[in-house]
Amino acid sequence: MCSSDLDDGNVLATSVPGYYVRMDMAAPGVVKVYKAKSDSLAMMLSSLFRDLPAQEYKRRLDKAFRERNRGFLLTPRKVDYNELQKIKKLPILRRGAFAGGRIIEQESKRMLPLGKLAWRTVGTLNKGAAGEKGGIAGNTGIEEAFESWLKGKEGVGYRQNLSGRWVNRIEIEPRDGMDVMTTINIRYQDITESALERQLKQSDAEWGTAVLMETKTGAIRAIANLGRVSPGVYDEIYNYAIGHAGCYEPGSTFKLISLMIALDQDLADTSTVFDTGNGSWKYHGRMIFDSDYGHGGHHGPMTLKQIFEKSSNVGVAKIITSCYEKKPAEFVDRIFETGIHKPLGIELTGEGVPMFKYPGDKDWWGTTLAWMSYGYESKMTPLQILAFYNAVANGGKMMKPYIVREIRDRGSVEKRMGPEVLNSSVASRSTIGKARKMLEGVCENGTGKSIQSKIVKLAGKTGTAQISSGQGGYGKGLYLASFVGYFPAEKPVFSMIVTVNKPRGAYYGGAVAGPVFREIAEKVYAVHQKIDPEEEETSGEDRKSVV
């Protein structure tokens, strides 16, 4: 069973047993009574299932009896436990497994009591994927990652004849699967999925993802992944937050990382002024443009903080090239020191692998340093980007995101998972403080100003990345809009990323992903405020929910 992280233990997925009943027509006990009892059996089967007349059941039974069928299927469909008890009492079958040739096959069905809430993260089952014995096995998500814990073990038994009396012997007891307790909060999950789905429909986007994470621990409290399956219809068809298909050039959300590296080495400060000109700049024969170039945006001399708030590509590229043009390897090495160049190692399988170029690589060009500085020529998943922003919210400590809190075996804790530090300090305390002021400034004066909230103070960064057309360039009108940050800005409790792929119409991160971020933040914050503060402080240990 898999459950969410609520006090009432909301079940996200559970197994409900179903049964097929077969009959060994060559069993001596069946042969002995078949002629006298088969008519009654046919009538009772017809009455129970109401699908065929008794004559047809009798014809099929007789044919199987003549052929000495050792596994004739009696049930036209899978039956539940109560129906099974009735079948056990039917003529001939009531004599038992040996005298009545009764063969019972159990096949559990995975049920999702809360519908498709967090469906892709919970995972799916694949019939026939359980090895040589067949059956079902976890195919995606938690179901796959924790298959060995959830599946349980089959028992081994036999019948022994003791002086003419048959006795059941159990050699190995069967064992039920264990319970996986997740970090998902169902209320937060519902809020997150609903807000994301509305925006995807409005934007007619290809797919979107939203991840809500607990700042101090890295516990994932909600994760929504929705892809378009038909016009206006979205479903959890892939885990874009974690998987390879969601691993894209991050765009402007990467600017925070670039500028923090320069700040941390004292190569620039938030008050250092750089000239952004008219919003365009030719570097090594290629033009760099600000997103508002030609649309009356503010350009000219700006401080580093203003450049970040206004998300100037030209400004960031000028800052990083002025600092690292002669030593590009040092810039990339500093990226690697944060740890973002490696997969996070989350429990779920299929995590996308980050990609960063390095000076000397065959695809490192003269323009690479500048383009990398504002989020191109590199790739990260949404969750990997979020992990870095969460570190800024967490005073510099990068936590490993996790989604399973513990595994229970019949109520007892078998294994407990919890917070894990990936990097104790992604930057100095001074740089972290400046970064947080910059992120607040985005929502007060910059590209995120339109999503200011009267309910909770937000801090974050917009991102609007062009998407490769797959033909050596970027597709016209193809964008990845995102917003990543945390709240409340003064004392962060949650971090979050929202990503919307290929929206139609408006495509800027502040206009597409930003409103989703604000809606989720306001509603989650309202729910959070209703919870006793002391109880919330211990949520990492005590608030459970189950798969």
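On a predicted model such as this, the values are computed, not experimentally measured, just so you know. (Residues numbered from 1 in each chain as written. Predicted model: local features only at pLDDT ≥ 70, side-chain atom pairs only at ≥ 80, totals over all residues. Heavy atoms only, no water.)

**Points about the overall build of the chain**
Here is the rule we go by: Labels follow the DSSP assignment, with helices taken as runs of H or I lasting at least four residues and strands as runs of E lasting at least two, numbered in each case from the N terminus. For every residue, the accessible area (1.4 Å probe, protein chains only) is compared with the maximum for its type, and the residue is labelled buried under 20%, exposed over 50%, or partly exposed between those bounds. Residue contacts follow a heavy-atom distance rule, with two residues in contact if any of their heavy atoms lie within 4.5 Å. Accessible surface is estimated by sampling points in the Shrake-Rupley manner with a 1.4 Å probe; for residues, cover comes only from the protein chains shown.
Secondary structure summary: the chain contains 18 helices and 25 strands in total. Across the 547 residues of the chain, 52% fall into the buried class. Here the analysis covers contacts within the chain between residues at least 6 apart in sequence; of these, 69% occur between residues at least 24 apart. Accessible surface computed for the chain: about 24,700 Å², of which carbon and sulfur atoms make up 49%.

**Description of the side chain of S280**
What counts here: Pairs of N or O atoms are called polar contacts if they sit within 3.5 Å, as long as, within protein, a hydrogen donor faces a hydrogen acceptor (for residues adjacent in sequence, only side-chain-to-side-chain pairs).
Here S280 shows up in strand β14 (residues 280-283). Separated by 2.7 Å, the side chains of S280 and N278 make a polar contact. Not counting the four nearest positions on each side in its chain, S280 is found in contact with M287, I288, F289, Y293 and V314.

**Digging into the pattern of salt bridges**
Heads up, the rule is: Each salt bridge in this description consists of a side-chain nitrogen of Lys or Arg and a carboxyl oxygen of Asp or Glu lying within 4 Å of one another.
Counted by the stated rule, this structure contains 24 salt bridges. Of the charged contacts, one joins E56 and R59 as a salt bridge, the two residues approaching to 2.8 Å between their closest N and O atoms. Of this pair, E56 and R59 both sit in helix α2 (residues 54-66), three residues apart, which is roughly one turn of that helix. By relative accessible area, R59 is classed as partly exposed at 46%. Of the charged contacts, one joins K201 and E197 as a salt bridge, the two residues approaching to 3.6 Å between their closest N and O atoms. Note that K201 and E197 are positioned in helix α8 (residues 186-203) at a spacing of four residues, about one turn of the helix. K201 sits in the partly exposed class, given a relative accessible area of 44%.

**A few points about the environment of L52**
When you line up the elements, L52 lands in the loop between α1 (28-49) and α2. Judged by its relative accessible area of 22%, L52 is partly exposed. Each C-alpha atom of the pair L52 and A42 lies 9.8 Å from the other, and the pair is ten residues apart in sequence. Excluding residues within four positions of it along the chain, L52 makes contact with S46, Y57 and R60.

**Concerning unusual backbone geometry**
The omega torsion of the bond from F487 to P488 falls at -15°, within 30 degrees of zero and hence cis. A positive phi angle, near 50°, is found at D204, a position not held by glycine. Position of D204 among the secondary structure elements: in the loop between α8 and β10 (207-214). In this structure D204 comes out as partly exposed when scored by relative accessible area, which is 23%. At H284, a residue that is not glycine, the phi angle is positive and equals roughly 50°. Structurally, H284 can be placed in the loop between β14 and β15 (286-289). For H284, a relative accessible area of 52% puts it in the exposed group.

**Topic: the nonpolar core**
What counts here: Among the buried residues, those of types Ala, Val, Leu, Ile, Met, Phe, Trp, Tyr and Cys that are joined through side-chain atoms within 4.5 Å form a nonpolar core.
Within the largest apolar cluster, 79 residues are counted, with the highest numbers of intra-cluster contacts made by I220, L256, F331, I340 and F388. Per element, the largest residue contribution to this core is nine residues, and it comes from helix α14 (residues 382-393). Counting 32 residues, the second largest nonpolar core, distinct from the first, contains L196, L200, Y234 and I520.

**Some words on empty space enclosed by the protein**
Selection rule: Only protein atoms enter the 1 Å grid, on which a cavity is a set of points fitting a 1.4 Å probe that cannot get out and a pocket is an open set with protein on both sides within 12 Å along at least 5 of 7 lines, lining residues being those with an atom within 4 Å of a point. Grid points are joined across faces, edges and corners, and a volume is the space filled by probe spheres set on the points. As a working rule, the residues Ala, Val, Leu, Ile, Met, Phe, Trp, Tyr, Cys and Pro are called nonpolar, Asp, Glu, Lys and Arg charged, and the rest polar, with Gly in that last group.
For the structure shown, the criterion picks out one cavity of 30 Å³ or more. For the largest cavity, the calculated volume is near 70 Å³. Around the largest cavity sit W207, G246, Y248, P250, T253, M380, P382, I385, L480, S482, I497 and T499, which together line it. Considering only residue class, the lining of the largest cavity consists of eight nonpolar, four polar and no charged.

**With respect to the packing of aromatic side chains**
To keep things clear, this is the line we draw: Put simply, two rings from Phe, Tyr or Trp (the six-membered ring, in Trp's case) pair if the centres are within 6.5 Å, and we call them stacked under 30 degrees between planes, edge-to-face over 60, tilted for the rest.
Going through the model one piece at a time under the given rule, you end up with 18 aromatic pairs. Look at Y238 and Y240: their rings are 5.1 Å apart centre to centre, the planes differ by 55°, and that puts the pair in the tilted class. Of the residues examined, Y238 reaches a relative accessible area of 25% and is grouped as partly exposed. Pairing F254 with F356 gives two aromatic rings, centres 5.9 Å apart and planes at 35°, and the pair type is tilted.

**With respect to a positive patch on the surface**
Quick note on the threshold: Like charges within 9 Å and nonpolar side chains (Val, Leu, Ile, Met, Phe, Trp, Tyr) within 5 Å are joined into patches, using only residues over 30% in relative accessible area that form no salt bridge. Neither His nor the chain ends is counted toward charge; the positive residues are Lys and Arg and the negative residues Asp and Glu. For this purpose, a charge sits on NZ of Lys, CZ of Arg, CG of Asp or CD of Glu.
A cluster of basic residues, K32, K37, R94 and R95, forms a positive patch at the surface. Along the chain, R94 falls in the loop between α3 (81-87) and α4 (96-99). For R94, a relative accessible area of 51% gives the class exposed.

**A look at helix α11 (residues 313-324)**
Cut-off, in case you're wondering: In this analysis, the expected span of each helix is defined as 1.5 Å times one less than the number of residues it contains.
Spanning twelve residues, α11 covers 16 Å between terminal C-alpha atoms, matching the ideal 16 Å at 1.5 Å per step. Most of α11 is tucked away, with ten of its twelve residues classed as buried. Within α11, the full set of buried residues consists of N313, V314, G315, V316, A317, I319, I320, T321, C323 and Y324.

**Description of the layout of surface pockets**
As a volume, the second largest pocket reaches approximately 820 Å³. The wall of the second largest pocket is formed by 36 residues, among which F289, D290, S291, D292 and N313 lie closest to the centre. The set of elements that each furnish at least two residues to the lining of the second largest pocket consists of β15, β23 (459-468), β24 (474-487) and α16 (509-530). In terms of residue count, the dominant contributor to the lining of the second largest pocket is β23 (five residues). The residue inventory of the lining of the second largest pocket, partitioned by class, reads 14 nonpolar, 17 polar and five charged.

**Considerations on the packing of α8 against α16**
Heads up, the rule is: Axis definition: a line fitted to C-alpha atoms, over the contacting stretch in the case of helices. Angles run 0 to 180 degrees between N-to-C directions. Throughout, the term roughly parallel applies to angles under 35 degrees, roughly antiparallel to angles over 145, roughly perpendicular to angles from 65 to 115, and oblique to all others. Here a crossing is called left-handed whenever its near helix is offset anticlockwise from the far helix by less than a right angle, and right-handed whenever the offset is clockwise.
Put simply, α8 and α16 touch, their axes get as near as 9 Å, and they point 160° apart. Accordingly, the angle class assigned to the pair α8 and α16 is roughly antiparallel. Two packed elements cross with a definite hand, and for α8 against α16 that hand is right-handed. Along its contact with α8, which presents R187, Y188, I191, T192, A195, L196, R198, Q199 and S203, the element α16 presents V512, P515, V516, E519, I520, K523, V524, V527 and H528. A class-by-class count of the residues in the contact of α8 with α16 yields ten nonpolar, four polar and four charged.

**Some thoughts on the packing of α14 against helix α15 (residues 429-445)**
Following both chains from N to C, one finds α14 and α15 inclined at 110°, their axes separated by 9 Å at the closest point. Comparing the axis directions of α14 and α15 gives the class roughly perpendicular. Taking contact as the criterion, the partners of Y389, V392 and A393 in α14 are, on α15, I432, A435, R436 and L439. The class makeup of the residues in the contact of α14 with α15 is six nonpolar, no polar and one charged.

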